[in-house]
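# Coordinate inspection notes
Residues per chain, in single letters:
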Amino acid sequence: MDDLTSAFLELIRLTSTDLSPDVEESLILARDQEAAGSAAKSALEAVLQNVALAREQSTPICQDTGTPIFYVQHPQGWSTRKLREQIRSAVAAATSLAYLRPNAVDAISGINSGNNLGDEAFPTIHFEEIEGEELIVDLMLKGGGCENVGAQYSLPDRRLAAGRDMEGVRKVVLDAVYKAQGKGCAPGVLGVAVGGDRGSSYYGSKESLFRKLDEPNPDPDLDAFEERLTEEANRLGIGPMGFGGVTTVLGTKIKGMHRLPASFFVSVSYMCWAHRRRRMVVHGSDIQYP
Ligand code: SF4
């Protein structure tokens, strides 16, 4: 197994500084839909200028470079211990090169490690063995502001009159968007998991954020439901940064999971406009960042 530290470093640099085309195109569309001279349009213009500048100068798109979350799919026989070591080395190097802000603070002592290396959950690394010869690594940088407005619901929710069905899911997802009121840097993307336990449900909601904005849900019913939620969230009128307007979310991505008969969790992970995610594919000596 080759040392992939420098390849991981490039993955982090691209994720932090070069916004994915699907997200940028969606922001352009959102800007064009806002009223001329509105605060919403100005906010999106500023965002897009920032995106272009970050790409040009290879600097972070946002000063909060978030929690690095890696999803690693590896062929049989690869050492996850070595992969973890290489990812952690790359994270420390990316921090010293200012692609990442030092974000790992010990919650008990309040001390910042200074290099983004904390306990085994910082950076977060999930491993899964897959068939074939390719190593596939997805990285997401999850900002703190948007993470703070994520929410989990246990249905039924009497306050919202939300039962254990898709109508109940609709009610709680819209409640999460309403409560955020543009905080967490709208417009963003909703990653939703329906089912699971409390832990796996949040995990699933983040996983769903890796699906591209223009990539439909393979389940036609869920796809229509995603469209409906996006439209209804945008009718709330909260708008970019909460300034009012027609774009509160850029899209909704839903994942259905199995659950215990006794539980019905709905987890909403909100991702801000700085939806930084990138993939790296390693096949032999060939390394791509599609
Ligand atoms: S929520 Fe996103 S855009 Fe807002 S400060 Fe955090 S990382 Fe930046």
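Residues numbered from 1 in each chain as written. Predicted model: local features only at pLDDT ≥ 70, side-chain atom pairs only at ≥ 80, totals over all residues.

### Side note on the site of the ligand
Every residue near the ligand is listed here: Cys 62, Asp 64, Gly 66, Gly 143, Gly 144, Gly 145, Cys 146, Gly 184, Cys 185, Cys 272, Trp 273 and Ala 274. When we break the shell around the ligand down by domain, the ones giving at least three residues each are domain 1 (5-15 + 61-143 + 276-288) and domain 2 (145-271). (Near = placed C-beta within 6 Å. Domains from an automatic or database assignment.)

### Let's talk about helix α1 (residues 5-17)
For α1, with 13 residues, the first-to-last C-alpha span of 18 Å sits near the 18 Å given by 1.5 Å per residue. Turning to α1, its buried residues are Phe 8, Leu 9, Leu 11, Ile 12, Arg 13, Leu 14, Thr 15, Ser 16 and Thr 17. Residues of α1 that are buried make contact with α3 (39-57), β1 (67-74), α4 (80-96), β3 (135-142) and β8 (276-283). (Helix = DSSP H or I, 4+ residues; strand = E, 2+ residues; numbered from the N terminus. Expected span 1.5 Å × (residues − 1). Buried ≥ 20, exposed ≤ 12 C-beta atoms within 10 Å, placed from the backbone. Contact = placed C-beta atoms within 7 Å.)

### Description of the nonpolar core
Counting residues in each nonpolar core, the largest one holds 72 residues, and the members touching the most others are Ile 12, Phe 70, Val 173, Leu 190, Val 192 and Val 266. Taken domain by domain, the makeup of this core includes at least three residues from each of domain 1 (5-15 + 61-143 + 276-288) and domain 2 (145-271). Val 173 has contacts with Leu 190, Val 192, Leu 229, Val 266 and Val 268, leaving out every residue within four places of it along the chain. (Core = buried A, V, L, I, M, F, W, Y, C linked by C-beta atoms within 7 Å.)

### What to know about the sheet that holds strand β2 (residues 124-129)
Spatial strand order, β2-β1-β3-β8-β9: 5 strands in an open sheet with mixed pairing. Of all strands in the sheet, those bounded by a partner on one side alone are β2 and β9 (286-288). Across the sheet, the mean angle from the axis of one strand to that of its neighbour is 15 degrees, orientation sign disregarded. Here 3 bridges tie β8 to β9, and the two strands are oriented antiparallel to one another. Considered in β9, the bridge of Val 282 is made with Ile 287. The sheet strands contacting α1 are β1, β3, β8 and β9, and the helix crosses β8 at an angle near 155 degrees. (Pairing = 2+ DSSP bridges. Axes fitted to C-alpha atoms, helices over the stretch in contact; angles between N-to-C directions.)

### Some thoughts on the packing of helix α6 (residues 166-180) against helix α8 (residues 220-234)
Axis separation between α6 and α8 bottoms out at 10 Å; the angle between their running directions is 35 degrees. At the point where α6 passes α8, the crossing takes the right-handed sense. Contacts from Met 166, Arg 170, Val 173, Leu 174 and Val 177 of α6 reach α8 at Phe 225, Leu 229, Glu 232 and Ala 233. For the contact of α6 with α8, the class distribution of residues is 7 nonpolar, no polar and 2 charged. (Left-handed = near helix turned anticlockwise from the far one by under 90°. Nonpolar A, V, L, I, M, F, W, Y, C, P; charged D, E, K, R; others polar.)

### Re the domain arrangement of the protein
You can read the domains of the protein as domain 1 (5-15 + 61-143 + 276-288) and domain 2 (145-271). Just the C-alpha atoms count here: the centres of domain 1 and domain 2 sit 26 Å apart. Each partner contributes to the interface: domain 1 provides 7 residues, whereas domain 2 provides 6 residues. The leading source of residues in the side of domain 1 that touches domain 2 is β3, at 3 residues. Of the residues that constitute the side of domain 1 that touches domain 2, the class distribution is 2 nonpolar, 1 polar and 4 charged.

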